[in-house]
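# Descriptive structure summary
If you want the building blocks of each chain, they are given just below.
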Amino acid sequence: NSTIQIASGKPVKNGENGYVNYFFKTILDLRPKELKNGSVDFYNLDLVNNVKEGELLAEIVPPTKGFHGKTVTGKNIPAKDGKEARIRAGKNIATSEDGHKYFSKIDGQPILHDSKLSVLPILEIKGDVGPATGNINFLGSVIVRGNVKSGFAIKADGDIEINGIVEAAEIVSGGSIKINRGVQGQGKGILKAKNDFSAKYIENATVEAEQNINIFESAMHSFLFAGRKIKLQGKKGLIVGGMAKAGEGLSAKTIGSPMSTYTEIEVGINPNLKKEYQEL
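Residues numbered from 1 in each chain as written. Predicted model: local features only at pLDDT ≥ 70, side-chain atom pairs only at ≥ 80, totals over all residues. Heavy atoms only, no water.

### Digging into the sheet that holds strand β7 (residues 88-89)
Taken together, three strands build an open sheet; the order of strands is β7-β11-β10 and the sheet is mixed. Edge positions in the open sheet fall to β7 and β10 (109-113), since each of these has one partner strand only. In the sheet, β7 pairs with strand β11 (residues 116-120) via two bridges, with the strands oriented parallel. Following the sheet pairing, Arg 88 is matched in β11 by Lys 116. (Pairing = 2+ DSSP bridges. Helix = DSSP H or I, 4+ residues; strand = E, 2+ residues; numbered from the N terminus.)

### Re the sheet that holds strand β8 (residues 93-95)
Across the sheet, four strands lie side by side as β1-β4-β9-β8; this open sheet has antiparallel pairing. Of all strands in the sheet, those bounded by a partner on one side alone are β1 (19-22) and β8. Neighbour to neighbour, the strand axes of the sheet diverge by 20° on average, direction disregarded. Relative to strand β9 (residues 101-104), strand β4 (residues 56-61) runs antiparallel, the two being bridged by three bridges. Note that in β9 the partner of Glu 59 across the bridge is Lys 101. (Axes fitted to C-alpha atoms, helices over the stretch in contact; angles between N-to-C directions.)

### Quick word on a nonpolar patch on the surface
A contiguous nonpolar surface patch, about 240 Å² in accessible area, is contributed by Ile 255, Ile 265 and Val 267. Along the chain, Ile 255 falls in strand β24 (residues 254-255). (Patch = residues over 30% accessible without salt bridge, like charges linked within 9 Å, V, L, I, M, F, W, Y side chains within 5 Å. Areas by Shrake-Rupley, 256 points an atom, 1.4 Å probe, with all protein chains shown as cover. Salt bridge = Lys/Arg side-chain N within 4 Å of Asp/Glu carboxyl O.)

Structural data, given as structure tokens:
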């Protein structure tokens, strides 16, 4: 027996969805890089993306049309067109005439949040934040090449990156905070991040992050509050003394001390929500 095709329809081909090509890092990896000699580089984590005025940041690739099919009797089978991809232009963004290309109007840092693309200016402090600079209050992102001295404050709408040590200072970021060395808070240091916080070590300070807290050596006698996760990494991975509260989970190599130092751990409840509940 053999079969012979006597009629065939036309298959439906649905259109492909549009998408956005980004020409900068939209997700920053805050983990330290392992060097060839086995050591870890805590100093060059590149929290802040730099772009130039006129640089192409994103391009929308339009969807394709669908092709209708037909049955063997000649009836049309409708096809679906692909869906358009959308992003919104925020601060310091220029668009092409067709609305498909997005360019930076300034030298700065691109920020993508809820499909809204903006570019924020970057303030670079060559040395320490202290008596020579006074407090810093900036609309964009801040890079400090030196340390932040006791009694001083940095407040920024964007990300904050500090190469050196933060003493008993106040650091408040509308993005993420990265301390390339550590925090020696002397019981008065307060650091608050809208997104993630990361540092090599923390001593005697309070840290609040709405997302994650990543510490690459140790947290000692500090108060840590994370909306999502707290991670202690590196060879030590130590948390001792103070309090650590995380909404989703906490991981460390060593928790507490044989010296009977009181260490309080709490997971499963977003600390900010619990605080609001208690206040109500």
